[in-house]
Amino acid sequence: MNRMNRSPNRSFARPSLDRFRVMALFLGMLIGLAGSLPAQEEGGRYQGFSTRVTGDIYGQVKVIRDVDGDGKRDMVFGATDGMVHIYSASGKEIQAGLWPKHTGGPILANVAVADLTRDGKDEIIVGSYDGKVYCLNSYGKELWTVDTRGTIQLSGPEVADIDGTNNLNVFVGSRSGKVFRIDDAGKLLWEIGLPAKVSARVVPADLNGDGQKEIVVKDDGGKVSVLQLGGGTATGWPQGTAAGLDWPFEVGITDVNGDGEREIFTTTPDKRFILWDRHGNEKETFKLSDGAHSAPKVADIDGDGRDEFIITQADGIVNVVNRQGVALPGWPQKTGHSIYAPPHIIDIDGDGKLDVVFTAWNPEGSGKEAGYIMALTKDGKKMSGFPKMIGKTLAPLTFADLDGDGYLEMIAAGGINYTDNQLHVFPTNAKIQMKIAVLGSEITY
């Protein structure tokens, strides 16, 4: 699932000399174009900002198409004040229409952004602690709500086309102990009961390559379930992890051996990593020094053509391991602080090599020293300019090009419990990947 993060990633089907000439000419034109824009060559053009919000942000900040008409993308998130907020790239809160929009309770989970109505405008789907899923249009108007009859804690809505029809469905877990499937118009298609409450997010994924997605979810009692399109449970599931230990860890999906069938993996409260095939057969397991609230990421960090698991543990240890749990040179790294969110695997400095970027919080720190963003090279070395102090933080980072200059901004939520500002945006030298199709070959830069 992270193969698109590799940089560079070139896939050639033995192109002929003429095809190489076409490609070289095309790339030359692009390079020439870039050379005519010297202001974009240097990086750091967009200065970013740090600002206060009226509530703490526990979920990931998402990016939405231009709402205020300034030509730049905007940021949307839920907060503990119960409101959905939209901020512009200038750092100002958008208060047009019905924004900020109040729900019936605090918002702790990620919001989702998708064009459910297929009108070219984004809708915002949010799960509130009042147990309801809200669908809002770009003006903040409530299009529909669905009541899950239980609080929604960390299981933010997930939007997916699960049957290949281009119709989007919304999936969400509730602490009522159920997973819900909702269509794009807000109609409840099914609700499936699980053995325990559902606090972690659900994951839609096509496990066998048949074009239809299954729904993978781990309940608070530690059981991992795979739900089929019609709502039934797939053969071989659920699988237990750590009975009697209540900790809402997430699951992840990957094709670990490139055979077209995807595996399911998770960490557990009893400090293990487990990987199953799609039938529920355990393929790998190894010990950890602690569990990880979020699912590990998967990426080819060292560029050897094989994916590694990047694990950020609750005890502050960051590790990069192969599928047998053996650490790569330079890993693990110990921060000494708590990590809740998953890492982001990205070439943040533009040197062509992947880096590991994550948030952490220091229980002993005060003010903005209570939390920070850290970036490590593929060899586990701290990168220049880090850490960046942002106050207590639990949310994942977001990377997006807000101003359209070809470089990605780093968006972070911090400042929990008034330790600092809540919304931070930093410029980076990470570039948007560019796909080039040249006579049947695809190259990603």
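A brief structural summary. All of these numbers come straight from a predicted model, not from anything done at the bench.

It is worth spelling out the overall build of the protein chain at this point. Each helix and strand counted, the protein chain has two helices and 34 strands in total. Surface accessibility of the protein chain: about 18,600 Å² in total, with carbon and sulfur atoms responsible for 50%.

Hydrogen bonds between backbone groups are what pair the strands of a sheet, and the pairing can be parallel or antiparallel. Reading across the sheet, the four strands line up as 18-19-20-21 and stay open at both edges, with antiparallel pairing between neighbours. In this open sheet, the two strands that pair with only one neighbour each are strand 18 (251-254) and strand 21 (282-287). The mean inter-strand angle of the sheet, taken between neighbouring strand axes irrespective of direction, is 20°. Bridge count between strand 18 and strand 19 (residues 263-267): four bridges; the pairing is antiparallel. Paired with I253 across the two strands is I264, which belongs to strand 19.

Before going further, it helps to examine the environment of G211. Here G211 shows up in the loop between strand 15 (203-205) and strand 16 (214-218). A relative accessible area of 42% places G211 in the partly exposed class. Taking the C-alpha atoms as reference points, G211 and I162, separated by 49 residues in sequence, lie 7.8 Å from one another. Beyond its immediate stretch of four places on either side in the chain, G211 contacts I162, D163, G164 and D206.

Ranked by size, the top nonpolar core spans 31 residues in total, and within it V357, I373 and M410 carry the most contacts. Elements that contribute at least two residues to this core include exactly strand 24 (317-321), strand 26 (344-346), strand 27 (355-361), strand 28 (371-376), strand 31 (407-413) and strand 32 (423-431). By residue number, the principal contributor to this core is strand 28, which donates five residues. Dropping the residues within four chain positions of it, I373 is found in contact with V357, F358, T359, F386, P387, K388, I390, L397, M410, A412 and F426. In terms of nonpolar packing, the next biggest core, distinct from the first, is built from 17 residues, V61, A89, A395 and I411 among them.

Locating E250 in the fold gives a position in the loop between strand 17 (224-227) and strand 18. Discounting residues that sit within four places of it in the chain, E250 has contacts with A200, R201, F265, T266, H293, S294 and A295.

This part takes up the side chain of S199. Looking at the secondary structure, you find S199 in the loop between strand 14 (188-193) and strand 15. Its relative accessible area of 1% is what places S199 among the buried residues. For S199, the side chain forms a polar contact with the side chain of D220, separated by 2.7 Å.

This brings us to the pattern of salt bridges. Tallied over the entire structure, the rule returns 13 salt bridges. For E158, the salt bridge is made with R201, and the minimal N-O distance between the two is 3.6 Å. Of the two residues, E158 sits in strand 11 (residues 158-160) while R201 sits in the loop between strand 14 and strand 15, which places them 43 residues apart along the sequence. The class for R201 is partly exposed, based on a relative accessible area of 26%. Residues joined by salt bridges that share partners form a network here, namely R65, D115 and D122.

We now examine the environment of I416. By the secondary structure assignment, I416 is in the loop between strand 31 and strand 32. Discounting chain neighbours no more than four positions away, the residues touching I416 are D56, I57, Y58, K392, T393 and L394.

What follows concerns the sheet that holds strand 6 (residues 101-102). As summarised here, the arrangement of the four strands in space is 3-4-5-6, forming an open sheet in which the pairing is antiparallel. Lying at the two open borders of the sheet, with one neighbouring strand each, are strand 3 (62-64) and strand 6. Pairing between strand 4 (residues 74-78) and strand 5 (residues 83-87): four bridges, direction antiparallel. Pairing of V76 across the sheet is with I86, part of strand 5.

Across the five residues of strand 4, five count as buried, placing the element largely inside the fold. By the bridge criterion, three bridges tie strand 3 to strand 4 in an arrangement that is antiparallel. Its bridge partner lying in strand 4, I64 is registered against D74. What sits between the antiparallel neighbours strand 4 and strand 5 is a turn of four residues, in which G82 has the positive phi angle 85°.

What counts as what
- Residues numbered from 1 in each chain as written.
- Predicted model: local features only at pLDDT ≥ 70, side-chain atom pairs only at ≥ 80, totals over all residues.
- Heavy atoms only, no water.
- Helix = DSSP H or I, 4+ residues; strand = E, 2+ residues; numbered from the N terminus.
- Areas by Shrake-Rupley, 256 points an atom, 1.4 Å probe, with all protein chains shown as cover.
- Pairing = 2+ DSSP bridges.
- Axes fitted to C-alpha atoms, helices over the stretch in contact; angles between N-to-C directions.
- Buried < 20%, exposed > 50% of the residue type's maximum accessible area, 1.4 Å probe, protein only.
- Contact = heavy atoms within 4.5 Å.
- Core = buried A, V, L, I, M, F, W, Y, C linked by side-chain atoms within 4.5 Å.
- Polar contact = N/O pair within 3.5 Å; in protein donor to acceptor, adjacent residues only side chain to side chain.
- Salt bridge = Lys/Arg side-chain N within 4 Å of Asp/Glu carboxyl O.

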